[in-house]
Structures are given as structure tokens and as C-alpha cells.
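As a plain string of letters, each chain reads:
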Amino acid sequence: MRFQEELAERIAAATQLSAEKIAAFLEIPPDKKLGDFAFPCFSLGKNPHEAAEQLKEKVQLPPFIAKAAVIGPYLNFFFSLPHLAEATLTEVYQQVDFYGKQDLGKGKKIVLEFSSPNIAKPFGIGHLRSTVIGNCLYKVFSFLGYALISVNHLGDWGTQFGKLLVAYKKWGNKAALEREPVQHLLEIYVRFHKEAEQHPELEDEAREAFKKLEEGDKASLELWELFRELSLEEFRRFYRILDVEFDTYHGEAFYNPLLDETVKKMQHKDLATISEGALIVDLQKWNMPPLMLRKSDGTSIYHTRDLAAAFYRLRHYKPIKVIYVVGSEQKLHFQQLFKVLELAGVKKDLFTHVDFGLFRFPEGKMSTRKGNVIFLEEVLDKAVALARKVIEEKNPALQQKEEVAKQVGVGAILFADLSADRVRDVEFSWEKMLSFEGETGPYVQYTHARACSILRKAQKEHNLGVSPLVNFATFNLEEERAVLALLAGFPDVLQKVAETYKPHHLAQHLIALSQAFNEFYHKCPVISEQMHTMKGRLLLVQSVRQVLKNGLQLLGMKAPEEM
Ligand code: ARG
């Protein structure tokens, strides 16, 4: 049982409140001097300070709590170090790669949509963020026992394909398309917009072409299929580098056959009205612009396909939750979508938009239309090259340098993304991101490698492996306590990530653990003459190594053993 839960039960036994309520009230004080748990006593009576005093007398402390102290309106609890050490280190030792795993989500399905790049356009930085955040949520929710369905909602339909068909007919080149599909399609797309400034009739041609495509014109469909396949091939290359997989690539086009019934459903529920020839759902009452179902020329739009996708997902997967990992700039789109679903009778809260801010590179913001795009491949290559350079400086004798450079370079980008609260914009700095110090991926990976190296040294020089049979009473230092509390808190942090859909809680926890471990390592010699102490500390080092590894993996990163 988790410490927090057991403590909550003890408090519950001494009060009128339920253990669940108490567990929700229990706080973790930011300053460890104030204890490891704090229970606010406001709901126990008019005078919370007095209530805290009374509770202190009444509550039966669990064995892992050494003492309780009243601080203002709070009753604070302090871990007993040997008990905390025994419970935590034994658990990590036994559960190995599964430490932190839970079955909270047993039997519950979640549809998690992320990445969702647009066919025939470069994989943007926003798509990278969506991929990285979504992949982490996928791993964390799975680890907590939920059954996940990962969906890549490819942008493979829409008026832009009308433009592309026209542009390809005029300036396309098959060989160039096959060599560098996204690059070539981008070029002709940019050219289309440039020429359309002088020849606005091109826009009409494009509208006509899209209409034909939607009506199922064979030649148009074949070309579209080719664009889709070739682009997807390119995207899959990134997914391999990032080690991300999807259960389905059902993109926007997949929902085309369902559009009519979706529109009919809206009409049936009396939600659709005609406005200037277009079919819309009016949302004025909720202070939002209308959601468009059909344009005046009868074609569908992004919204229509999203509505159809939502109904399909509910029907097909029967999930307890559908999550969209998409940038904040689409907030309104999802508010409209969710409102219409609610009006159509779908249970509120079934849908969640997990939004995120911009990720700014020193190279500047990008815009597909003008063509000044940062290609993701360049970004990844640059990160790996920089990591290679750092490794070359720090550890020229390292084996498998190339593999490690890849893990560190790609990891640095992932961590820079995941360590900040997702709703905030991230200012990206190459130097900061790849530094082995500060709140970076390489710092956490390096701490993991350092723990590995201590364990190797103990094995080599003292022929000492890690055993869980140690004297836990040897743990008595503040630095050990700090590390132990963070190890013990790891499973709770995963729950927090799931509750908030915010991976930075996990990333920050790994930073805190790395810092605590490095402080411990500086102040407390691990390899020493004191056999009992050494064995205990080796077990601690092993647990840190394990938890960092589990945490990095949940973030989607690798944990090299040497770097
Ligand atoms: N393809 C879209 C874009 O790049 C993102 C799709 C988001 N998901 C959705 N269900 N609308 O902007």
C-alpha cells in the first residue's frame, strides 16, 4: 500500500472523514524540514490549530512515520528513516522495471490522439511537441493500467488538397516527388500561393479540384493516395527516431464515409441551421462562432470530420476518455466541438483537449505557407551532432559513442519539451538544452550513468553486488532521507501526471531526484570501509538508477549506462 493511503486510513480512523477525502487533503510540504506529509485540519472544526493538537493525540501513527508535529493549522508527519528505507528500497528492488506500475485503469479504455501531422506538409515543431507529450502520456497511462488506443489523426483531407492537385498538374515532377516528397509538395504549394496572388482564378480551380476529389474522382484520388503514402513514409522515419508507434493512422479522410450520417444526426437533433447557404450549428448562446458542417458548395471541413471522428471513436472503442494532444491555437476549435457533442447528448468530460504552447527555436517561428520552415530532421541532426561533440570532449573513450550521442541528443530535445508546464511557451536554447548541468535531459541521463558507474566499481573493486538484505538502521543522514522520499514519491508523481495530463511533473521529479542523489553522492561516500553502510548505500544507488531509468523510459527517453 502507498504511504499516503495508509496514513490517510490512520487519520480517517481518528476522525469522521473518509480515507479518500483525507488522501485528497494530504499535502507534501515543499520544504522537507516541515515534514513529509501535511494534513490541513480546516475541515475538523472551527479552530484548526486546536483540531490539529487533538488529532495528534488521537491518531495511531503507522510504523513508517516517526513523529507528528502541529504547525499552525496543520498536522505534519515525518518519515521514520529506517522504515522508509526498508519499504521503499525493497519495493524498488523487487519490482525492478515495474516499480511505479499500478492498476488504476484496469478495464478502462482511453483513446489518445497525438502527433497528427498534415500530409504533404513538413512535420512541424508543433507536431513534434504533440508527439512527445502524447507519447509520454501514452506510456504513463499504460503504466497505470489503462488500455490505450493511440490515434494519429493525419491531416490528409481538406481544401489544401485541391490546391496541391492543381499545383501538381501545373508544376509537379514525379521523380522529385519520389525523391523528396514533402519537400517537393511544399515547393509547389508555396508556388501555388505566390502565383495565386497574381492569378486569383487559381483559387477557384483549386476549390473545383477539391470538390471533384470529395465526389470520388478516380484520377484525383490516385494522386492523393500517392501524396499520402509518400508523406507518411517520411513521417514514419521520425517516429522510428523518436521510437513512437501508433495503433491507427486513421486520418481525416477515413471519416469521409461517415460525414453524411453525422450531418444527418445533427439535423435530427435539431441542431443544424442554414446560414448564408452553409449548414452550421449555431453556438451564439455560448459566445462562440458557429461550427460549420457543410460549406455552401457542399464540401466538408475540418470540423465536420472531427465531429464524425468523435462519434466513431465513442462507438468503436467505447472509451472512458478521448484525449486530443493539440496546440493551444486550436482551443476554440475544440471548445466548439465539445459543446456540439454535449448538445448532441454526449456525456460532458468524456473529451479533453490537452493543449500546449509554442516551442520557439532561435531560428525563428515557422510558417508553411511562406516556406521558411525548419525541417525536423535538421533539428534532430543538429541535436545529435552537438551531443556527439559534448561526448567527445567529456568521454572520448566511450564505446558506442554514436548510439549514445543519438540517445542524448534526441533525449535533450524531448526533455526540454517535457520539463516545462506544457501550456507555457518554451524558449529553446541549444546550449542550455544539451548542458550536463541544470534542468536538462543529459543531466538526468548523466546521473543515471553515474549511478551505474558506482555499481560497476563496487562490483569490480569489492566484488560486491547489490543485495536487498541490508541493515536499514544505517540510514540516518538528511541527504539519504531526501533521496528516499523522492524514490517513495515516484508512483504518486505518475498519478499526478495522469490527473493533470502534464508530463513536467515527472520530468521535474527526475530532476529533483538527480539533484538529491548528487548531493548525497558528494557528502556520503558509497564505497567505504563500513561494510553495513556501504551495502545500504549501494542498494540506495541501485534504486536511484532504477527509478531514473523507469522515469526516463516513461518520458520516451533512453537511459544509457555510460556516457
Ligand atoms: N492536423 C492538424 C494540424 O496539424 C492537427 C489535428 C488535430 N486533431 C484533431 N482531431 N483535430 O493542425
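Source: prediction; values computed, not measured.

Calculation rules
Residues numbered from 1 in each chain as written. Predicted model: local features only at pLDDT ≥ 70, side-chain atom pairs only at ≥ 80, totals over all residues. Heavy atoms only, no water. Helix = DSSP H or I, 4+ residues; strand = E, 2+ residues; numbered from the N terminus. Buried < 20%, exposed > 50% of the residue type's maximum accessible area, 1.4 Å probe, protein only. Contact = heavy atoms within 4.5 Å. Areas by Shrake-Rupley, 256 points an atom, 1.4 Å probe, with all protein chains shown as cover. Pairing = 2+ DSSP bridges. Axes fitted to C-alpha atoms, helices over the stretch in contact; angles between N-to-C directions. Near = heavy atom within 4 Å. Polar contact = N/O pair within 3.5 Å; in protein donor to acceptor, adjacent residues only side chain to side chain. UniProt positions renumbered as here; feature names shortened; annotations may be inferred.

### Notes on the overall build of the chain
Argument step 1. Assigned secondary structure in the chain consists of 20 helices and 12 strands.
Argument step 2. When the backbone C-alpha atoms are referred to their principal axes, the chain occupies close to 85 × 65 × 35 Å.
Argument step 3. Counting the 563 residues in the chain, one finds 56% classified as buried.
Argument step 4. Contacts in the chain between residues at least 24 apart in sequence constitute 73% of all its contacts with a sequence separation of at least 6.
Argument step 5. Summed over its atoms, the accessible surface of the chain is roughly 25900 Å², and 50% of this surface lies on carbon and sulfur atoms.

### Re the sheet that holds strand S9 (residues 321-325)
Argument step 1. The strand order across the open sheet built from 4 strands is S5-S4-S9-S10, with neighbouring strands paired in parallel fashion. This sheet does not close on itself; its edge strands, each paired only once, are strand S5 (147-151) and strand S10 (351-354). Between one strand axis and the next, the sheet turns by 20° as a mean value, whatever way the strands run.
Argument step 2. As judged from the 4 bridges shared by S9 and S10, these two strands associate in the parallel manner. By the bridge assignment, valine 322 is partnered in S10 with phenylalanine 351.
Argument step 3. Here helix H5 (residues 125-143) sits on the sheet and contacts strand S4 (109-113), S5, S9 and S10; the angle it forms with S9, its principal contact strand, is near 150°.
Argument step 4. In the packing of helix H12 (residues 302-317) onto the sheet, the strands contacted are S4, S5, S9 and S10, and the crossing angle to S9 comes to about 140°.

### Focus: the site of the ligand
Argument step 1. Residues in close proximity to the ligand include Glu113, Ser116, Asn118, His127, His153, Tyr302, Asp306, Tyr324, Val326, Gln330, His333 and Phe334, which together make up its full environment.
Argument step 2. For the ligand, a nitrogen atom lies 2.8 Å from a polar atom in the side chain of glutamate 113.
Argument step 3. In the environment of the ligand, a nitrogen atom lies 2.9 Å from a nitrogen or oxygen atom belonging to the backbone of serine 116.
Argument step 4. Contact with the protein chains removes 89% of the 360 Å² of surface that the ligand exposes when unbound.

### As for the UniProt feature "domain: DALR anticodon binding" (unreviewed entry) in the chain
Argument step 1. According to UniProt, the feature "domain: DALR anticodon binding" (unreviewed entry) maps to residues 444-563 in the numbering used here.
Argument step 2. End C-alpha atoms of residues 444-563 are separated by 11 Å, and the span's content is 72% helix alongside 0% strand.

### Concerning the environment of alanine 13
Argument step 1. Structurally, alanine 13 is set in helix H1 (residues 3-14).
Argument step 2. Owing to a relative accessible area of 68%, alanine 13 belongs among the exposed residues under this scheme.
Argument step 3. On a C-alpha basis, the gap between alanine 13 and glycine 536 in space is 35 Å, while along the polypeptide they are 523 residues apart.

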